[in-house]
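Chain by chain, the residues:
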Amino acid sequence: MSGGYMKMEFAIKHTWDGLPVSHEPVTVGLKSDNAGLLMEVNAPFFNDPPGPLGEPGKPFSRLWDYEVVEAFFLSDRTEQYLEVELCPHGQHLLLLLSGKRRVWKEELPLEFEVTRTKTKWEGKAHLPWNYFPPCTNKFNAFAIHGSGEERKYEALHPVPQHELQEGQKPDFHRLEFFKDLNLKGLMGEDWKQPESDIWKSLTN
């Protein structure tokens, strides 16, 4: 079956350390788009902390300090990954990383639309294949909201209980806990990931 009909949907039902979330879970959907993936977010709108001062539709540095839903697309062989951060106020932040936490490109442009009510928001982000590292095969998604002591960090694939250490802080870059993402299942068995000239330009 050719692409365009398939959709994957993920619900973020746990905190980063594996406890159940106390609200309607954030969902992240992926489906094939003209030149990449359409990422669709459905989430409660907490409006906490207040939105960043940046212009909606534009990249905003350190967006992870605000209310945000994130998706990470990883090639586990190379530890290269795309990090997508989407904010209900319309700002976004896209980073390319080569090696854990090693950002080499950031604030990539993104077509991103948000619709919002008082209690919910929906986001649609058009992610071009050009942003995905070669052989993307793993995935994780996260959501953050709240302020100060009440800040909540949620994960699709949390750190397993037996791996938790005393006093550990949330860390979304635990690549070893990401799970398989079968893009062929979404795009069709004969699909091959298009080459990326952005990633080709990276010399380690």
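Refer to the structure presented above.
Computed from a predicted model, the values in this text were never measured in an experiment.

**Observations concerning unusual backbone geometry**
At step 1: The linkage connecting aspartate 48 with the following residue, proline 49, adopts the cis geometry, with an omega of -5°.
At step 2: For arginine 62, which is not glycine, the phi torsion reads 60° and is therefore positive.
At step 3: Topologically, arginine 62 is positioned in the loop between strand 4 (36–44) and strand 5 (68–75).
At step 4: Residue arginine 62 is classed as partly exposed on the basis of its relative accessible area, which comes to 44%.
At step 5: A positive phi is found at glutamate 107, a non-glycine position, where the angle reads about 60°.

**Focus: the side chain of histidine 92**
At step 1: Topologically, histidine 92 is positioned in strand 7 (residues 92–98).
At step 2: By relative accessible area, histidine 92 is classed as buried at 1%.
At step 3: Not counting chain neighbours up to four residues away, the residues in contact with histidine 92 comprise Gly57, Lys58, Pro59, Phe60, Leu63, Glu85, Leu86, Leu108, Leu110 and Phe112.

**Structural notes on the sheet that holds strand 3 (residues 26–33)**
At step 1: In spatial order, the strands read 1-3-4-10-9; together these five strands make up an open sheet with antiparallel pairing. For this open sheet the edge positions go to strand 1 (7–12) and strand 9 (111–116), each flanked by a neighbour on one side alone. Strand-to-strand twist of the sheet, defined as the mean angle between neighbouring strand axes without regard to direction, takes the value 15°.
At step 2: Both strand 9 and strand 10 (residues 120–128) contribute to a ladder of six bridges, which runs antiparallel. Counted as the bridge partner of glutamate 113 is lysine 124 from strand 10.

**Let's talk about the packing of aromatic side chains**
At step 1: Scanning all chains against the criterion turns up 13 aromatic pairs.
At step 2: Each ring, one from phenylalanine 72 and one from tyrosine 81, has its centre 5.9 Å from the other, and the planes form 20°; the classification is stacked. We note that phenylalanine 72, like tyrosine 81, is buried.
At step 3: With a centroid separation of 5.0 Å and 70° between ring planes, the pair formed by phenylalanine 73 and phenylalanine 132 is classed as edge-to-face. Of this pair, phenylalanine 73 sits in strand 5 while phenylalanine 132 sits in the loop between strand 10 and strand 11 (138–145), placing them 59 residues apart in sequence. Like phenylalanine 73, the residue phenylalanine 132 is buried in the burial classification.
At step 4: Joined through ring pairs, the aromatic side chains of Phe10, Phe73, Trp129, Phe132, Phe139 and Trp191 make up one cluster.

**Details of the layout of surface pockets**
At step 1: Considered as a void within the structure, the largest pocket measures approximately 390 Å³ in volume.
At step 2: As for the largest pocket, its lining consists of 17 residues, and the residues nearest its centre are Trp64, Glu70, Arg101, Phe172 and His173.
At step 3: When contributions to the lining of the largest pocket are tallied by element, the ones reaching two or more residues are strand 5, strand 6 (80–86) and strand 7.
At step 4: Taken together, the residues that form the lining of the largest pocket break down as nine nonpolar, one polar and seven charged.
At step 5: Taken as a whole, the second largest pocket encloses approximately 190 Å³ of empty space.
At step 6: Lining the second largest pocket are 13 residues, and of these Asn42, Ala43, Pro44, Lys120 and Trp121 lie nearest its centre.
At step 7: Contributing elements (two or more residues each) for the lining of the second largest pocket: strand 4, strand 9 and strand 10.
At step 8: For the lining of the second largest pocket, the per-class residue count stands at four nonpolar, five polar and four charged.

**As for the nonpolar core**
At step 1: Leu30, Leu37, Met39, Phe73, Leu86, Leu127 and Phe139 are the most contacted members of the largest nonpolar core, which totals 40 residues.
At step 2: In terms of residue count, the dominant contributor to this core is strand 4 (four residues).
At step 3: Sequence-distant contacts of phenylalanine 139, defined by excluding residues within four places in its chain, comprise Phe10, Val28, Leu30, Ala71, Phe72, Phe73, Leu156, His157, Phe178, Lys179 and Leu181.
At step 4: With 19 residues, the next largest nonpolar core counts Phe60, Tyr81, Leu95 and Phe172 among its residues.

**What to know about the pairing of strand 7**
At step 1: Most of strand 7 sits inside the fold, with seven of its seven residues counted as buried.
At step 2: Burial along strand 7 is two-sided: the face carrying His92, Leu94, Leu96 and Ser98 and the face carrying Leu93, Leu95 and Leu97 are both buried.
At step 3: Between strand 6 and strand 7, which follow one another and run antiparallel, lie five residues, and glycine 90 among them has a positive phi close to 100°.
At step 4: Bridge count for strand 7 against strand 8 (residues 103–106) is three bridges, and the pairing is antiparallel. Within the sheet, the bridge partner assigned to leucine 97 lies in strand 8 and is valine 103.
At step 5: Taken together, strand 7 and the strand that follows it, strand 8, pair antiparallel across an intervening segment of four residues, in which glycine 99 is found at a positive phi of about 90°.

Parameters and conventions
Residues numbered from 1 in each chain as written. Predicted model: local features only at pLDDT ≥ 70, side-chain atom pairs only at ≥ 80, totals over all residues. Heavy atoms only, no water. Helix = DSSP H or I, 4+ residues; strand = E, 2+ residues; numbered from the N terminus. Buried < 20%, exposed > 50% of the residue type's maximum accessible area, 1.4 Å probe, protein only. Contact = heavy atoms within 4.5 Å. Pairing = 2+ DSSP bridges. Axes fitted to C-alpha atoms, helices over the stretch in contact; angles between N-to-C directions. Phe/Tyr/Trp six-rings, centres within 6.5 Å; stacked < 30°, edge-to-face > 60°. 1 Å grid on protein atoms, 1.4 Å probe; cavity = no way out; pocket = protein on both sides within 12 Å on 5 of 7 lines; lining within 4 Å. Points joined across faces, edges and corners; volume = space filled by probe spheres on them. Nonpolar A, V, L, I, M, F, W, Y, C, P; charged D, E, K, R; others polar. Core = buried A, V, L, I, M, F, W, Y, C linked by side-chain atoms within 4.5 Å.

All we've got here are geometric facts, nothing functional implied.
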